[in-house]
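# Report on the structure
One-letter residues, chain by chain:
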Amino acid sequence: MARIFTIMCPKCKKEFEVHFGDLRHRDVKLHCPYCDNWFLQAESEKIDDRW
Ligand SMILES: [Zn+2]
């Protein structure tokens, strides 16, 4: 089972799930499926990576 974390889009404030192993703590932009925004994890107000 893949580990995921949830992150809030800084633009539309909706949360969505991202694969942890692929993307967490990496300096890559994430894509919001709701508003089509691309943003860095550092820009998000809320990241929930509890396991
Ligand atoms: Zn968004």
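Above this text sits the structure in question.
We now turn to the structure provided with this report. (Residues numbered from 1 in each chain as written. Predicted model: local features only at pLDDT ≥ 70, side-chain atom pairs only at ≥ 80, totals over all residues. Heavy atoms only, no water.)

Read from one edge to the other, the open sheet built from three strands follows the order 2-1-5, with strand pairing classed as antiparallel. Edge positions in the sheet fall to strand 2 (15-19) and strand 5 (47-48), since each has one partner strand and no second. (Pairing = 2+ DSSP bridges. Helix = DSSP H or I, 4+ residues; strand = E, 2+ residues; numbered from the N terminus.)

So, on to the coordination of the zinc ion. Protein coordination at the zinc ion comes from C9 (SG), C12 (SG), C32 (SG) and C35 (SG), with a distance range of 2.3 Å. Geometry at the zinc ion is tetrahedral, judged from its four donor atoms and the angles of 108 to 112° they form at the metal. When the donors of the zinc ion are listed by position in the chain, the intervening gaps give C-x2-C-x19-C-x2-C. Owing to a relative accessible area of 0%, C32 belongs among the buried residues under this scheme. (Donors = N, O, S within 2.8 Å, 3.2 Å for Na, K, Ca; no water. Tetrahedral: all angles 85-135°; square planar, octahedral: opposite > 155°, others 65-115°. Buried < 20%, exposed > 50% of the residue type's maximum accessible area, 1.4 Å probe, protein only.)

Within this structure, the stated rule accounts for one aromatic pair. With 6.1 Å between their ring centres and 85° between their planes, F16 and F39 make a pair best called edge-to-face. Here F16, found in strand 2, pairs with F39, found in strand 4 (residues 38-40); they are 23 residues apart in sequence, far enough to count as distant. With a relative accessible area of 0%, F39 lands in the buried category. (Phe/Tyr/Trp six-rings, centres within 6.5 Å; stacked < 30°, edge-to-face > 60°.)

Take the nonpolar core next. Core analysis: the biggest nonpolar cluster contains nine residues, these being F5, I7, C9, F16, V18, F20, L30, C32 and F39. Mapped onto this core, the elements with two or more residues apiece are strand 1 (4-8) and strand 2. Once residues within four sequence positions are removed from consideration, C32 is found in contact with C9, C12, F16, N37 and F39. (Core = buried A, V, L, I, M, F, W, Y, C linked by side-chain atoms within 4.5 Å. Contact = heavy atoms within 4.5 Å.)

Attention now moves to the pairing of strand 1. Here strand 1 lies mainly inside the structure; four of its five residues are buried. Two strands pair when backbone bridges link them, and strand 1 and strand 2 are joined in this way by five bridges, in the antiparallel orientation. Counted as the bridge partner of I4 is H19 from strand 2. Between strand 1 and strand 2, which pair antiparallel in sequence order, lie six residues; one of them, K13, sits at a positive phi of approximately 70°.

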